[in-house]
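Architecture and fold: a report
Letter by letter, the chains look like this.
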Amino acid sequence: MENALVKTPLRKLRRRRTKRVWRLKQKLKLAWKSIKIRVKSHLPGFLSTKKHLFHIKSRKEEQDLSQVAQRICKISNDSTKSLAFLLQLPKYSADDFLDRGDLMTPAASPREKISKMWRELHGSNNWENLLDPLHPWLRREVTKYGEFVESVYDSLDFDPLSEFCGSSRYNRNKLFEELGLTRHGYKVTKYIYAMSRVDVPQWFLSSALGETWSKDSNWMGFVAVSGDRESLRIGRRDIVVAWRGTVTPTEWFMDLRTSMEPFDCEGKHGKTVVKVQSGFLSIYNSKSELTRYNKESASEQTMDEVKRLVNFFKDRGEEVSLTITGHSLGGALALMNAYEAARDVPALSGNISVISFGAPRVGNLAFKEKLNSLGVKVLRVVNKQDIVPKLPGIVFNKVLNKLNPITSRLNWVYRHVGTQLKLDVFSSPYVKRDSDLGRAHNLEVYLHVLDGFHRKKSGFRVNARRDVASVNKSTDMLLDHLRIPEFWYQVAHKGLILNKQTGRWVKPVRAPEDIPSPLPTGPKPIYSL
C-alpha cells in the first residue's frame, strides 16, 4: 500500500513534466516558423531573388502549422493564443507602401497558360471542385473580370459640376492604357449607354447644372474582346461585356423598386411568364428617338456588338466565348444580357458565363429555370457582410423559401441564379473590425478579399499579391497603422489645371476624341495585340 501511495504522485509528476516539455517544444517550433515568415516578408526585393522563401513552402506545411497552432490554443493559456494570433498579423506595415522602385513586390501573380482547362474555368461543370479550395487559375481569371468592371468606375466622370458628368473620361481606344490594364490583353470595341429616367435611382441622374453632354443617358460599361496573344493563352476568343453598378449603395437601397415585369413574354417557362425587377428592366430596355445616345437601348447596343464580333471570329473558324461581368446593379444587367445572348445567338451555345460581384436577386423562378435551361453558367461572388445580394426582399424571400415546398415554388418570389462563392471581409488582417458594413459592397473590397481567399476554413493567404492600398480607393477600411489615405482615388486637383501663362487655375477642355460620341470614334478595332 505504501509503495502504491508513493508511486502515484511520481507518475503524475512525470506526466506533467512530459506535457510541459512537449508544449514548450511546440511553442518554440511555432514561434520560430512564424518569425521566419515575418522576417522574410519584410525584406525588400527578397522575392525577386529567393521567391521560395517569401511564403510558406507548401500547402501541406501551412496546414501542419495551423494544426499545431490549434492544438496549442486548446491546451495552453492566453500567452500561447497570442502566439497563434501572430500568424494572422498583417504582413505589411507603412514602410511597405513607400516607393522603392524595382525592389517592390509585383502586385500581380504570373499568369499561366490555361487553354487546356478553359471550359472548366468558364463554368462547364458549375465550377465543381474549383471553389473550395479556390483554384489559383480561377482566382486570377475572376479577378481579371472584376478589374474590367472596376475600370468603368475608375474612369467614370461623376463630378456634378462637370458638363460631362456620367460619361467616361477616356475614349474606348485608350481606356485600358490610361488605367494600366493593357496587361490583360483585351481591346474595347464599344461603349454602352443607358437611359436615366423612369424607375432609376437618384444617383443615376446626370448633372443638373446647365448644359451637359447628355440629359438622358449615362455610360454603363463596354464590350471588349481578347487579342491574339491572350486568346492563345486562354484557349479561345473571349468577348467580355462589363457593366458597372451603383455609386453609393445607400441611395440604391432607398430607390430600389420590388415590383416585377415580364422580361420575355414570348418565352414562357412551363406555364409561367419570365419576370424581372422593374427598375433593372427599365435601365436595360429604355430608349427614345429624342435622345442622342439611346436611340437604341443598352440591350440593343450590346447585342448588336456581340453578334457582330461572334460572326467575325466564327467566320475565321475560331472558338468564341462570351463572359458577362458586373457589380451590384451591373450584376443584374449581366444576367439579363446573358439571357438574351443565349436565346438569340445560337453560335454561343454552351459558352456563355456570368461573373457577378455583390449582385442582387433579379427575377422569378421562371427566369432562373429558363437561364439554366439555356445553359448559362453563373458564378456569384458575394461578401458575407454585404446586404445587396439579399435584396430585393431581404426578409420576405428568406421566410417564404424556407416555409415549405409550396411557398418555395411561388413565382413572384425573387430567386438567385447560379453558383455562389462566399467571402468574408473580416478574413482580411488589413481591414478594421469596426468598419462600416456598407463598405463591404465596394468592388475593390471584393477583389481584395477574393485575392486572399483560399478555402472556407483557412485564413487570408500569406502570399496574396493584389495591391492592398486599392481597398482605400473609395473606402476607409484599411487599418490606420498602414497609413493609407482614406478615399484617396480622385482626379488630380479635382479636375483643375494651372495655366502657367496666366497663373490661373482653370478647367481643362476635353480633347475631341474624349468627348462622348454615339458613333464609333477612332480607327476600326484591331484584334491583334
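Residues numbered from 1 in each chain as written. Predicted model: local features only at pLDDT ≥ 70, side-chain atom pairs only at ≥ 80, totals over all residues. Heavy atoms only, no water.

**Regarding the pattern of salt bridges**
Our working definition: In the sections that follow, a salt bridge refers to a side-chain nitrogen of Lys or Arg positioned within 4 Å of a carboxyl oxygen of Asp or Glu. Helix and strand labels come from DSSP, where a helix needs a run of H or I of at least four residues and a strand needs a run of E of at least two; each type is numbered from the N terminus. Each residue is assigned to one of three classes by its accessible area relative to the maximum for its type, calculated with a 1.4 Å probe on protein chains only: buried under 20%, partly exposed between the two thresholds, exposed over 50%.
Tallied over the full model, the rule gives 28 salt bridges. Linking glutamate 230 and arginine 233 is a salt bridge whose minimum nitrogen-to-oxygen distance equals 2.9 Å. With glutamate 230 and arginine 233 both in helix H8 (residues 228–234), this residue pair falls three residues apart, about one helical turn. Summarising the burial analysis for this pair, glutamate 230 and arginine 233 share the class buried.

**Considering helix H11 (residues 298–315)**
Note the cut-off: Here the expected length of a helix is defined as 1.5 Å per residue gap, with one fewer gap than residues. Between two residues, a contact is recorded if the distance between any of their heavy atoms is within 4.5 Å.
Counted at 1.5 Å a residue, the expected span for H11 with its 18 residues is 26 Å, and the 26 Å between its end C-alpha atoms agrees. Those residues of H11 that sit buried are Ala298, Ser299, Gln301, Thr302, Met303, Glu305, Val306, Leu309, Val310 and Phe313. Against strand S1 (186–195), strand S2 (217–226), strand S3 (237–243), helix H10 (278–285), strand S6 (320–327) and helix H12 (329–344) lie the buried residues of H11. Positioned one or two residues after H11, glycine 317 has a phi angle of 80°, which is positive.

**Quick look at the packing of H10 against H12**
Packed helices, taken two at a time, are described by the angle their axes make and the gap between the axes. Defined as follows: Here, axes are lines fitted to C-alpha atoms. For helices the fit covers the stretch in contact, and angles between N-to-C directions go from 0 to 180 degrees. When describing relative orientation, an angle under 35 degrees is termed roughly parallel and one over 145 degrees roughly antiparallel, while 65 to 115 degrees is termed roughly perpendicular and anything else oblique. Working rule for handedness: look at the near helix, and if it is turned counterclockwise from the far one by less than a right angle, call the crossing left-handed; if clockwise, right-handed.
Following both chains from N to C, one finds H10 and H12 inclined at 65°, their axes separated by 10 Å at the closest point. By the criterion of interaxial angle, the relationship of H10 to H12 is roughly perpendicular. Taken as a pair, H10 and H12 cross one another with a handedness that is right-handed. Residues Phe280, Leu281, Ile283 and Tyr284 of H10 form the contact with H12, whose participating residues are Leu329, Ala332, Leu333, Met336, Asn337 and Glu340.

**Some remarks on the confidence of the model for the protein**
Any residue range with low pLDDT should be treated as having predicted coordinates unsuitable for detailed reading. Test applied: Note on scores: pLDDT gives the predictor's confidence for each residue, bounded by 0 and 100.
The pLDDT averaged across the protein works out to 78; a share of 68% of its residues lies at or above 70. A low-confidence stretch, residues 42–58 stays under pLDDT 50, and its non-local contacts, those more than four residues away or across chains, total 26 contacts. pLDDT under 50 marks residues 394–404. Its contacts with residues more than four places away, or in other chains, come to 16 contacts.

**Side note on H12**
End to end, H12 covers 23 Å across 16 residues, agreeing with the expected 22 Å (1.5 Å per residue, within 8%). Counting buried positions along H12 yields 14 of 16 residues, so the element is predominantly enclosed.

**Notes on the sheet that holds S1**
The condition is simple: Any two strands between which DSSP finds at least two bridges are classified as paired.
One open sheet holds the seven strands; their spatial order is S1-S2-S3-S6-S7-S8-S9, and the pairing between them is mixed. Strands at the two margins of the open sheet, each flanked by one partner only, are S1 and strand S9 (419–423). The mean inter-strand angle of the sheet, taken between neighbouring strand axes irrespective of direction, is 15°. Across five bridges, the pairing between S2 and S3 is antiparallel. When the sheet's bridge partners are listed, valine 223 is paired in S3 with valine 241. Relative to S1, H11 is tilted by about 155°, and along the sheet it contacts S1, S2, S3 and S6. Running at roughly 155° to S6, H12 makes contact with S2, S3, S6, strand S7 (352–357) and strand S8 (377–383) of the sheet.

**What to know about the side chain of serine 470**
Here serine 470 lies in the loop between helix H15 (443–452) and strand S10 (497–499). The class for serine 470 is buried, based on a relative accessible area of 11%. Setting aside its immediate chain neighbours within four residues, serine 470 contacts Glu444 and Trp488.

**Some words on the nonpolar core**
Condition: Each nonpolar core is a collection of buried residues, namely Ala, Val, Leu, Ile, Met, Phe, Trp, Tyr and Cys, held together in the definition by side-chain atoms within 4.5 Å.
In terms of nonpolar packing, the biggest core is built from 57 residues, with Phe222, Phe357 and Leu421 touching the most fellow members. The dominant element in this core, judged by the number of residues it contributes, is helix H6 (residues 136–155), at seven residues. Beyond its immediate chain neighbours, meaning those up to four positions away, phenylalanine 222 contacts Phe148, Ser151, Val152, Leu175, Phe176, Val188, Lys190, Tyr191, Ile192, Val240, Val241 and Ala242. If you look at the next biggest cluster of nonpolar residues, it comprises 45 residues, including Ile192, Leu309, Leu322 and Val376.

**Some thoughts on the side chain of glutamate 230**
Rule in force here: For the purposes of these results, a polar contact is taken to be a pair of N or O atoms within 3.5 Å, where, inside protein, one atom must be able to donate a hydrogen and its partner to accept one; residues adjacent in sequence count only when each atom of the pair is a side-chain atom.
Residue classification places glutamate 230 among the buried positions, given a relative accessible area of 4%. A polar contact of 3.4 Å, which involves the side chain of glutamate 230, links it to the side chain of lysine 144. A distance of 2.9 Å separates the side chain of glutamate 230 from the side chain of arginine 233, its partner in a polar contact. Each residue touching glutamate 230, except ones within four places of it in the same chain, is listed here: Arg111, Lys144, His184, Gly185 and Tyr186.

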